[in-house]
Amino acid sequence: MITSGSCPIKRKIQPFRDKEVYFHWICVPLRSFLNRELQIDYPSTYSFDDILRLIKWLGIVDNCIRFDMDLVLNVADHYVLTPYVYPSSWPEDGALRQIISLLVVTNLGAAVLYLGLGWLSYHFIFDHNLMKHPQFLKNQVRREVKYAMTSLPIISVPTVALFFLEVRGYSKLYDNVEESPMGWPFVLLSMISFLLFTDGCIYWIHRFLHHKSIYKHFHKPHHVWKIPTPFASHAFHPLDGFLQGLPYHIYPFLFPLHKVLYLALYIFVNIWTVSIHDGDYRVPRPLQEVVNGAAHHTDHHLFFDVNYGQYFTLWDRIGGSYRNPSVLEGKGPLDCIRRLTAEGKMSTNGANANANGHTNGHANGSSTKSKEE
Ligand SMILES: [Zn+2]
Ligand SMILES: [Zn+2]
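Residues numbered from 1 in each chain as written. Chains lettered and ligands numbered in written order. Predicted model: local features only at pLDDT ≥ 70, side-chain atom pairs only at ≥ 80, totals over all residues.

- As annotated in an unreviewed UniProt entry, the protein carries the name Fatty acid hydroxylase domain-containing protein and is attributed to Coregonus suidteri.
- Taken directly from UniProt, the Subcellular location (unreviewed entry) text for the protein runs: "Membrane". (UniProt positions renumbered as here; feature names shortened; annotations may be inferred.)

So, in C-alpha cells, the structure goes:
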C-alpha cells in the first residue's frame, strides 16, 4: 500500500467530499491504468482515502481536484510550467505568475477550441454547397480564421482578469456537490439557470450592439459573413466578442455553480456558437419553435435585425424580433443556390453565369436582401 509518507512531492491536499463523482470518473479509470500500465498491485477493494494518497503520491493533483481554470492551471504548472518554464524560486501561487500562466492557457485553450471545433464542423457538418452562394465572399474561410485569431488574444486580456478573480476565490464556484445549496437538484437547476441567464443577457447585449451608433464600430465585422461558416463563430471585433462572452463569466460571480458544470457549460457554449454557424439547419420538429439553431442564426446574418438569440427563441419572441427561419419556408441559402442553378444563372460548380467566382454583392437580384447595407 502506498502511504502518504512516500509522496515525493510535498503538496497540500484536502479531502474530497463528493465521493461518488470522483470514484467513477477518477478512481476507477486510475486503478485500471495502474493495473494495466504500471502493474502496481493495487487491491481491488480500497478506501477512498487510499486513492487520495495514491493521487497525491503521483502528484497529479494538488489541493484537491479542481476542474475549472484552477485545474487547467494546476495541470499546466505541474507538467510544463514548473519543471520547464518558471524558475523554482517563483511560487505557483504568485499573482504575476498566475496571470502570465492564465494568459498562455486561455489563449491556447481558445485557439484549440475554436480551430478544433471549427475544423471538425467545417469538414463533417458544414454543407460546402453553401460556398456557391452569391453572398459567400472570396477567401471567406481564410478571412474568418484570420479575423478570429487576431481578436481572440485581445479578448483574452479582460477574460483573464475574470479568470484570475475566479482562481483567487472571489467567485461563487464550488468544488463539491455537497457545498451546493440543495445538492444535486441545485446542480441541475443551475445548469438551466445558466442557460436562461446567459441567453437573456446575450440577447440584450446583441441588440445593444445593433444600435445604429454602436453597430458600425464593433458588431459589423461579424455581419460581413452573410453566409457564415463554422469559422465565423468566433470572428468578432474584440470588444464585441468580449461583451457577448461576458455573461458566461459574470454568472459564477452572482450565483453558486459547480466547477465541473462550469467547465462543461463553457465547452458547450463554444460548441453551440460553432453549431449555429455550421449551415446544418436541421432542428427536431418539436424544438423548432423553441431552439435558436443555425436556421435562425443564418437569418440573423442575412436579414440583420431578426433572431438575435443564442440558444432559445424566447427573447426574440418577447422582444418582437423573431423571424421564422427562411430555411424552413423553402427560401434559405441552399434553395437560392438551387434556384439560380435551375435558372441557368449559376453553373453547378457555383460560378456565377455572368461573372466568374464569388461576389460580395447580390447576384442578379435573386439572393436574399439584407437591410443593413
Ligand atoms: Zn448581430
Ligand atoms: Zn453569427
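Still more ground to cover, so stick around.
1. Topic: the overall build of the protein
For step 1, the next point in the chain: The secondary structure content of the protein amounts to 13 helices and two strands.
For step 2, the next point in the chain: Residues classed as buried in the protein amount to 35% of the 373 residues present.
For step 3, the next point in the chain: Of the contacts made within the protein by residues no fewer than 6 positions apart, 71% connect residues no fewer than 24 positions apart. (Helix = DSSP H or I, 4+ residues; strand = E, 2+ residues; numbered from the N terminus. Buried ≥ 20, exposed ≤ 12 C-beta atoms within 10 Å, placed from the backbone. Contact = placed C-beta atoms within 7 Å.)

2. What to know about the packing of helix α4 (residues 95–124) against helix α5 (residues 140–167)
For step 1, the next point in the chain: The geometry of α4 relative to α5 is characterised by a closest axis approach of 8 Å and an angle of 130 degrees between their N-to-C directions. Overall, the two elements α4 and α5 adopt an arrangement that is oblique. Our pair here, α4 against α5, has a crossing hand that is right-handed. Between α4 and α5, the contacting residues are Q98, I99, L102, L103, T106, N107, A110, A111 and Y114 on the first element and A148, L152, P153, S156, T159, V160, F163, F164 and V167 on the second. (Axes fitted to C-alpha atoms, helices over the stretch in contact; angles between N-to-C directions. Parallel < 35°, antiparallel > 145°, perpendicular 65-115°, else oblique. Left-handed = near helix turned anticlockwise from the far one by under 90°.)

3. A closer look at the UniProt feature "transmembrane region" (unreviewed entry) in the protein
For step 1, the next point in the chain: According to UniProt, the feature "transmembrane region" (unreviewed entry) maps to residues 99–126, 147–165 and 185–205 in the numbering used here.
For step 2, the next point in the chain: With 100% helix and 0% strand, residues 185–205 has its two end C-alpha atoms placed 30 Å apart.

4. Let's talk about the nonpolar core
For step 1, the next point in the chain: Counting 19 residues, the largest nonpolar core has Y114, A148, L152, F231 and A235 as the members making the most contacts within it.
For step 2, the next point in the chain: Elements with a contribution of two residues or more to this core: α4 and α5.
For step 3, the next point in the chain: Broken down by element, the residue count for this core peaks at five residues, all from α5.
For step 4, the next point in the chain: Not counting residues within four places of it along the chain, the set of residues in contact with F231 comprises G118, Y122, V141, E144, V145 and A148. (Core = buried A, V, L, I, M, F, W, Y, C linked by C-beta atoms within 7 Å.)

5. Quick notes on α4
For step 1, the next point in the chain: For α4, which comprises 30 residues, the first-to-last C-alpha distance of 42 Å matches the rise-based estimate of 44 Å (1.5 Å per residue) to within 8%.
For step 2, the next point in the chain: Turning to α4, its buried residues are Q98, S101, L102, V105, T106, A110, Y114, L117, G118, S121 and Y122. (Expected span 1.5 Å × (residues − 1).)

6. Focus: the packing of helix α6 (residues 184–209) against helix α9 (residues 238–254)
For step 1, the next point in the chain: Direction vectors running N to C along α6 and α9 enclose 155 degrees, while the axes themselves pass 9 Å from each other. In terms of axis orientation, α6 runs roughly antiparallel to α9. In this structure, α6 crosses over α9, and the sense of that crossing is right-handed. Of the residues in α9, those touching α6 at F194, F197, T198, C201, I202, I205, H206 and L209 are D240, L243, Q244, P247, Y248 and Y251.
For step 2, the next point in the chain: Of the residues contributing to the contact of α6 with α9, the split by class is ten nonpolar, three polar and one charged. (Nonpolar A, V, L, I, M, F, W, Y, C, P; charged D, E, K, R; others polar.)

7. A closer look at the confidence of the model for the protein
For step 1, the next point in the chain: On average, residues of the protein score 81 in pLDDT, and 74% of them are at 70 or above.
For step 2, the next point in the chain: Low pLDDT (under 50) marks residues 1–17, which in the prediction has 32 contacts with non-local residues, meaning those over four places away or in another chain.
For step 3, the next point in the chain: Contacts from residues 59–67, a stretch scored under 50 in pLDDT, to residues over four places away or in other chains number 29 contacts. (pLDDT = per-residue confidence, 0-100.)

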